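Take a look at the letters that make up each chain.
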Amino acid sequence: MPRPTAVVCAYSSVGTSALQGLLEAGVEVKALYTYAQGADEQWFTPPAVVAGAHGIPVHMAPAFNADEVFEAIHAHRPDFLFSFYFREMIQARFLEIPRLGAYNLHGSLLPMYRGRAPINWVLVKGESETGITLHAMTPKPDDGHILAQARLPIDWDETALSLTQKAADAGRGLVRETIPGLVDGSLPRIDQKTLGPSTYFGGRKPADSRLDFAMTAQEAFNQIRAVADPWPNAFLETAEGSAKVAWALPTDLPCPQGRFLALRDGVLLGFADGALRLHTLKVEGARLERPSEQANALRVLGISEG
């Protein structure tokens, strides 16, 4: 029996792991469409590295939905088309090419958290659980019947990086285990409409990570962990400047709202109902981890000492 074939569109660490899952399931990948790795993305192995190690042709098309890309994929006559954390919406005509269907791996438990940056958003919203979903692609984003899901618990101090790694590990196994059922058509399909209302979140803008002293301490902590390193970080901004809060943790010690306290064992920052103890600030590219340096930086920002 011939091996099933696929064209894969993938990026990110989740895309790399999902591609590995496909290969482990015995799928012959005819081509990978992906992106060049950015200077700020060196923390993960990109899908192109895995593809290169397996002799899979790698393409970085300036516009994926262009006619020449459509014609190239059509010429492969693949059984499957997979999208694993791909950055572009794939046009409807592409979804009609594969004999056995087109499928997307999304980083949430659909139909919740459709849209962009689901891993960051579930942290901002303080969820205790999320997951990944393999679903049939339609012309609408994150639409289509669900083929498989894996649930992921979210630890109280989970970060976007640690949750992304959980999603990558789970995605690899989910893809590997569902391929046989996709090939023989035995995998049940669940209509998302039967699972209750959906939620949708758009891409995150830099301003979405601004810390406000009107936030509760938990809301501020959620904002910080949602964009902790290697993401760009949450930040404080005043008329005098800004500082990134790379990491901080909730504390039971009191601190007046909108002020800071410089203690020997750390600097406290006061929010609406409690405080965070700062661990790392970034100011003009410098990492400040000493409490005295952090206190000086907050004074420069015009934040009052309480």
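Thresholds applied
- Residues numbered from 1 in each chain as written.
- Predicted model: local features only at pLDDT ≥ 70, side-chain atom pairs only at ≥ 80, totals over all residues.
- Heavy atoms only, no water.
- Core = buried A, V, L, I, M, F, W, Y, C linked by side-chain atoms within 4.5 Å.
- Buried < 20%, exposed > 50% of the residue type's maximum accessible area, 1.4 Å probe, protein only.
- Helix = DSSP H or I, 4+ residues; strand = E, 2+ residues; numbered from the N terminus.
- Contact = heavy atoms within 4.5 Å.
- Salt bridge = Lys/Arg side-chain N within 4 Å of Asp/Glu carboxyl O.
- Phe/Tyr/Trp six-rings, centres within 6.5 Å; stacked < 30°, edge-to-face > 60°.
- Lys NZ or Arg CZ within 6 Å of the ring centre and 35° of its normal.

Q: Before we go on, may I ask you to explain the nonpolar core in this structure?
A: A general trend in soluble globular proteins is that nonpolar side chains are found buried together. Counting residues in each nonpolar core, the largest one holds 45 residues, and the members touching the most others are Val8, Leu22, Phe82, Phe84, Leu105 and Leu182. Here the element with the most residues in this core is helix H6 (residues 160-184); it accounts for nine residues. Contact partners of Phe84, with chain neighbours within four places excluded, come to Val8, Cys9, Ala10, Tyr11, Gly15, Ala18, Leu19, Leu22, Leu105 and Val175. Judged by nonpolar contacts, the second largest core, of 26 residues, contains Val227, Ala234, Ala248 and Phe260.

Q: I'm lost on the pattern of salt bridges in this one. Help?
A: When their charged atoms lie close together, side chains carrying opposite charge are able to pair. Applying the stated rule across the entire model yields 17 salt bridges. Notably, a salt bridge pairs Asp229 with Lys282, separated by 2.7 Å at the nearest N-O pair. Taken together, the residues Asp229 in the loop between helix H7 (217-226) and strand S10 (234-238) and Lys282 in strand S14 (residues 275-283) connect sequence positions 53 residues apart. Connected through shared salt-bridge partners, Asp229, Lys282, Arg287 and Glu289 make up one network.

Q: In this structure, what is going on with the packing of aromatic side chains? I would like to understand it.
A: The description of two aromatic rings rests on the distance between their centres and on the angle between their planes. One pass over the structure, following the stated rule, counts 18 aromatic pairs. Between the aromatic rings of Phe64 and Phe86, the centroid separation amounts to 5.1 Å while the plane-to-plane angle is 75 degrees, which identifies the pairing as edge-to-face. Residue Phe64 is located in the loop between strand S3 (58-59) and helix H3 (67-76), and its partner Phe86 is located in the loop between strand S4 (80-84) and helix H4 (92-95); the two are separated by 22 residues in the primary sequence. Of the residues examined, Phe64 reaches a relative accessible area of 1% and is grouped as buried. Relative to Phe271, the ring of Phe213 has its centre 5.4 Å away and its plane inclined at 40 degrees; by these criteria the two rings are tilted. With Phe213 in the loop between strand S9 (200-201) and H7 and Phe271 in the loop between strand S13 (266-270) and S14, this pair connects stretches of sequence that are 58 residues apart. According to the relative accessible area criterion, Phe271 is buried, its value standing at 1%. Here the aromatic residues Tyr11, Tyr33, Tyr35, Trp43, Phe44, Phe64, Phe70, Phe86, Phe94 and Trp231 are joined through ring pairs into a cluster of three or more. Note that Arg204 overlies the ring of Trp121, its terminal NZ or CZ placed 4.6 Å from the centroid.

Q: Where do I start with the environment of Ile303 in this structure?
A: As for its placement among the helices and strands, Ile303 is situated in the segment after helix H8 (291-300). Through-space distance from the C-alpha of Ile303 to that of Leu269 is 9.7 Å; in sequence the pair is 34 residues apart.

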